[in-house]
Amino acid sequence: MGFNCGIVGLPNVGKSTLFNALTQTAAAEAANFPFCTIEPNSGRVAVPDARLDQISSITGSAATIPTYLEFVDIAGLVRGASKGEGLGNQFLANIREVDAIVHVLRCFEDDNITHVEATIDPVRDAETVETELMLADLDSLEKRVDPLTKKVRGNDKDAVATLKLVERCLDLLRDGQPARKLDVHDDEIKAFRMLQLLTAKPVLYACNVDEGSAADGNAFSEKVAVMAAEQGADVVVISAEIEEEIAQLTDTEERIEFLETLGLHETGLARIIRAGYHLLHLITFFTSGPKETRAWTVPKGAKAPQAAGVIHTDFEKGFIKAETIAMDDYVALGGEQGAKDAGKMRQEGKEYLVHDGDILLFRFNV
């Protein structure tokens, strides 16, 4: 089960630099001209979680394996992309494939790095990208109306419901609002997802600031924060330049010392990864034993058999029960045996909703 976040934005805002730092590779070419990233590059990054090392230490596992989130670096968008300008069509096709959007906004001045709009205004840039995505969604939905109308005339009940949903989406988009603002009923969720609307995807704004503003942000990032608050979106302040430098440091102590000199407690990348995880409504459960302690990802609301299936499909098919220990109990009682002795290991069945931080042992029979 893969989950991914697409890194998007106008050209020359620091997308590829940020991606390179995230994945600690040079897979994406960072250059001072638009469209240097033509094919979407992707890379898996470990989700930082202090609980994983804590559990592993208590268990005495030989290996500690994190869970991962995938990031995709997508070619820069320009005004008119919805009509095919620049690499518009390719950009729009690539963004349809991701689960969430990390929208990088340039919040720094630098005469040596050109800006496609000539001036620095991250709110304007955000609106440019959002407008292009809304225009693309409008075009996509308008093309569906006639075929759906014909099916409705033929008494197709599914088409009736879908057409009503499409019309509600069109009303919202024509009013200048993204599709994610639509109040979708429970019985419409599947049909809504099938529309594959670009503006239905959750968004995280990443304010790329200069090195001196990495700790507290600046006037540019403050404007983005106001905009995001109005939208109910999340914001992370990050300096892609700093993150690139940190990515070159292999020694943990050196990284900590470098961060401290900048007034930072953790990397901006760690905040972006966690924010992306939250954006996708994901939670983590753990398995732990002498060989390995491992973190696993499931959507919030996943039931025990679904979580078992993430490890192996046979676990889900033959699911019997999940022996479950809450994270706090596991730590407080010194591990599995202590939790058992205190009666804190529970036997959970097929309807159990997995909680973030659960330590699980699955019993199954195939």
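Residues numbered from 1 in each chain as written. Predicted model: local features only at pLDDT ≥ 70, side-chain atom pairs only at ≥ 80, totals over all residues. Heavy atoms only, no water.

A. Expanded view of the packing of aromatic side chains. Per the stated rule, a full pass over the model turns up 4 aromatic pairs. Ring plane angle 15° and centroid distance 6.4 Å describe the contact between F285 and W296, whose orientation is recorded as stacked. Of the two residues, F285 is situated in strand β8 (residues 282-288) and W296 in strand β9 (residues 292-299); the sequence distance between them amounts to 11 residues. Comparing F285 with W296, the two get one shared label, buried. An aromatic cluster is built from F285, W296, F319 and F362, whose rings are joined through pairwise contacts. Taking the ring centre of Y68 as reference, the NZ or CZ of R44 above it sits at 4.1 Å. (Phe/Tyr/Trp six-rings, centres within 6.5 Å; stacked < 30°, edge-to-face > 60°. Helix = DSSP H or I, 4+ residues; strand = E, 2+ residues; numbered from the N terminus. Buried < 20%, exposed > 50% of the residue type's maximum accessible area, 1.4 Å probe, protein only. Lys NZ or Arg CZ within 6 Å of the ring centre and 35° of its normal.)

B. Representation of the environment of G212. Along the chain, G212 falls in the loop between β6 (203-209) and α7 (219-231). Classification of G212 by relative accessible area gives exposed; the value is 72%. In sequence terms G212 and S239 are 27 residues apart; their C-alpha atoms lie 8.9 Å from each other.

C. Expanded view of the confidence of the model for the chain. Looking at the chain as a whole, the pLDDT averages 87, with 89% of positions reaching at least 70. The low-confidence segment residues 25-38 (pLDDT under 50) makes 37 contacts with residues lying over four places distant or belonging to another chain. (pLDDT = per-residue confidence, 0-100. Contact = heavy atoms within 4.5 Å.)

D. The arrangement of the packing of helix α4 (residues 122-153) against helix α5 (residues 157-174) in detail. Closest axis-to-axis distance for the α4/α5 pair is 9 Å, and the angle between their directions is 150°. Taken together, the axis directions place α4 and α5 in an arrangement best described as roughly antiparallel. Crossing hand, α4 versus α5: left-handed. Here M134, D137, L138, L141, E142, V145, L148, T149, K151 and V152 of α4 come into contact with α5, specifically with A159, V160, T162, L163, V166, C169, L170, L173 and R174. Considering only residue class, the contact of α4 with α5 consists of 13 nonpolar, 2 polar and 4 charged. (Axes fitted to C-alpha atoms, helices over the stretch in contact; angles between N-to-C directions. Parallel < 35°, antiparallel > 145°, perpendicular 65-115°, else oblique. Left-handed = near helix turned anticlockwise from the far one by under 90°. Nonpolar A, V, L, I, M, F, W, Y, C, P; charged D, E, K, R; others polar.)

E. Highlighting helix α9 (residues 252-261). Its side-chain oxygen 3.1 Å from the backbone nitrogen of E253, D251 forms the N-cap of α9. Within two residues after α9, G263 carries a phi angle of roughly 75°, on the positive side. (Polar contact = N/O pair within 3.5 Å; in protein donor to acceptor, adjacent residues only side chain to side chain.)

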